[in-house]
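Each chain is listed here by its residues.
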Amino acid sequence: MIPVYFVLTRGLVLLDLAGPAEAFRVAERLCPGMFALHFCGPEAELECGLAGLHLARIKPLPARLPANALVIVSGVVGTPTRLDDAQARAIIDWLAARQPADGFTLMTVCAGALFAAAAGLTRGRECTTHHGSLAQLATLDPSARILDNRIFVEDGALVSSAGITAGIDLALHMVSRHCGPRIACEVAREMLVYQRRAGTDSALSPWLEHRSHLHPGVHKVQDAVVRNPAAPWSAQSLAQEAHTSARHLTRLFRLHAGCTPMDYLYQIRVALARDLLRETRLDLERVAEKAGFGSAQHMRRVWRRFEPRTPGMARQQLAA
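Residues numbered from 1 in each chain as written. Predicted model: local features only at pLDDT ≥ 70, side-chain atom pairs only at ≥ 80, totals over all residues. Heavy atoms only, no water.

Participant: When you look at the environment of Ala-90 in this model, what are you seeing that I'm missing?
Facilitator: When you line up the elements, Ala-90 lands in helix H2 (residues 86-102). The sequence separation of Ala-90 and Thr-9 amounts to 81 residues, and the corresponding C-alpha distance is 9.6 Å. Those residues in contact with Ala-90 that sit more than four places away from it in its chain are Pro-42 and Leu-61. (Helix = DSSP H or I, 4+ residues; strand = E, 2+ residues; numbered from the N terminus. Contact = heavy atoms within 4.5 Å.)

Participant: What is the right way to read the packing of aromatic side chains from this model?
Facilitator: Aromatic rings in a pair are described by how distant their centres are and how their planes are angled relative to each other. One pass over the full model with this rule turns up four aromatic pairs. When the ring of Phe-24 is compared with that of Phe-35, the centres are 5.1 Å apart and the planes differ by 70°; the resulting orientation is edge-to-face. Highlighted residues: Phe-24 in helix H1 (residues 14-30) and Phe-35 in strand E2 (residues 35-41), separated in sequence by 11 residues. We note that Phe-24, like Phe-35, is buried. For the ring pair Trp-94 and Phe-104, a centre distance of 6.1 Å and an interplane angle of 20° mean the geometry is stacked. Within this pair, whereas Trp-94 is found in helix H2, its partner Phe-104 is found in the loop between H2 and strand E7 (105-108), the two being separated by 10 residues in sequence. You can call Trp-94 buried: its relative accessible area is 9%. Residue Phe-104 is classed as buried on the basis of its relative accessible area of 0%. (Phe/Tyr/Trp six-rings, centres within 6.5 Å; stacked < 30°, edge-to-face > 60°. Buried < 20%, exposed > 50% of the residue type's maximum accessible area, 1.4 Å probe, protein only.)

Participant: I would appreciate a short explanation of the sheet that holds E7 in the present structure.
Facilitator: Two pairing modes exist for strands in a sheet, parallel and antiparallel, and in both the strands are linked by backbone hydrogen bonds. The strand order across the open sheet formed by seven strands is E5-E2-E1-E6-E7-E11-E10, and the pairing between neighbours is mixed. At either margin of the open sheet sits one strand with a lone partner, and together these are strand E5 (59-60) and strand E10 (152-155). Lying on the sheet, H1 is in contact with strand E1 (2-7), E2, strand E6 (70-73) and E7; it crosses E2 at an angle near 155°. Contacts between H2 and the sheet are confined to E1, E6 and E7, with E6 contributing the most and set at about 150° to the helix. (Pairing = 2+ DSSP bridges. Axes fitted to C-alpha atoms, helices over the stretch in contact; angles between N-to-C directions.)

Participant: Where do I start with the side chain of Thr-81 in this structure?
Facilitator: By the secondary structure assignment, Thr-81 is in the loop between E6 and H2. Those residues in contact with Thr-81 that lie beyond four places of it in its chain are Val-76, Ala-111, Leu-114, Phe-115 and Gln-136.

Participant: Explain the pattern of salt bridges here, please?
Facilitator: Side chains that carry opposite charge are capable of pairing whenever their charged atoms lie near each other. Applying the stated criterion to the full structure yields 16 salt bridges. In this structure, Arg-89 engages Asp-93 in a salt bridge whose closest nitrogen and oxygen atoms are separated by 3.0 Å. Placement of the pair is Arg-89 and Asp-93 together in helix H2, with a separation of four residues, close to one helical turn. Across the salt bridge formed by Arg-145 and Asp-155, the nearest N and O atoms sit 3.5 Å from each other. Note that Arg-145 is positioned in strand E9 (residues 145-146) and Asp-155 in strand E10, a separation of 10 residues in sequence. You can call Asp-155 buried: its relative accessible area is 18%. Three or more residues joined by partner-sharing salt bridges are found here, namely Arg-125, Arg-145 and Asp-155. (Salt bridge = Lys/Arg side-chain N within 4 Å of Asp/Glu carboxyl O.)

Participant: Sorry, what's going on with the layout of surface pockets here?
Facilitator: In this approach the atoms are scanned with a rolling probe the size of a water molecule, which exposes any empty space left behind. By volume, the second largest pocket is sized at about 190 Å³. Taken together, Thr-9, Arg-10, Gly-11, Val-76, Val-77, Gly-78, Pro-80, Thr-81, Arg-82, Asp-85, Ala-88 and Phe-115 make up the lining of the second largest pocket. Here the residues of the lining of the second largest pocket are counted per class, giving five nonpolar, four polar and three charged. (1 Å grid on protein atoms, 1.4 Å probe; cavity = no way out; pocket = protein on both sides within 12 Å on 5 of 7 lines; lining within 4 Å. Points joined across faces, edges and corners; volume = space filled by probe spheres on them. Nonpolar A, V, L, I, M, F, W, Y, C, P; charged D, E, K, R; others polar.)

Dropping the structure here:
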């Protein structure tokens, strides 16, 4: 289980908190026992950035955290961000003491990166923040390697995101890291947001490609394929999942997913085969069978459409 601690301070941007929290809540429902959410701060009650709205029964900042914890610090309203009041100083001092001692991963949303910088946790690291806070971040820590125009940035135990809704993107990325891309995709679908990745990440996972649309029928077919890629799918059986004809489903897929239903099926089967090559020692015939191909020869023929290396070469590279 990954304990997730949201650090709350007066004037916090509510979406910085609610967006990532909802992503982890949905992920926990889909993967029971994976995440435990906690809300802590210097005071038991505070007024958030929405004037008149108070948050209460906030737990104290923990005296110690496990190394696998994820601590999330949100931004606050107003520019420049004030870091000299008692609540802000309490969080900064706590981060400066606990992160080096406990080794947890620190995730900042929006201007939350300023708290990390004031605590000395961005020194020499790559990071980002809201575009309106970039100058303040550079002033707080001239040694930080600040990357602008980025959704989020990872550098060791520090992961930082840009403004407001980028916190959802980073939360989905963390869900993908711990639960896998399929679960992250399901969380994104339930939240009706696009599944995005930062520019320096590896190429988009095949499990997530062609999913940045909102057509329910196409998603229903894709969900069925992902649940059981090796099923004996045909153009007609895929169309039955969407309660339409095979010809109309192909039109829908081209319009909303940018590929045909059978192309999508083969891409997912190749992705499953890659996972099997990496995680098992099954021979190619068994890999092909488990991934839904008629034979190893059939798998190799389809594989060439999506991968530059042969399955054998891919296994060697994945094992390296």
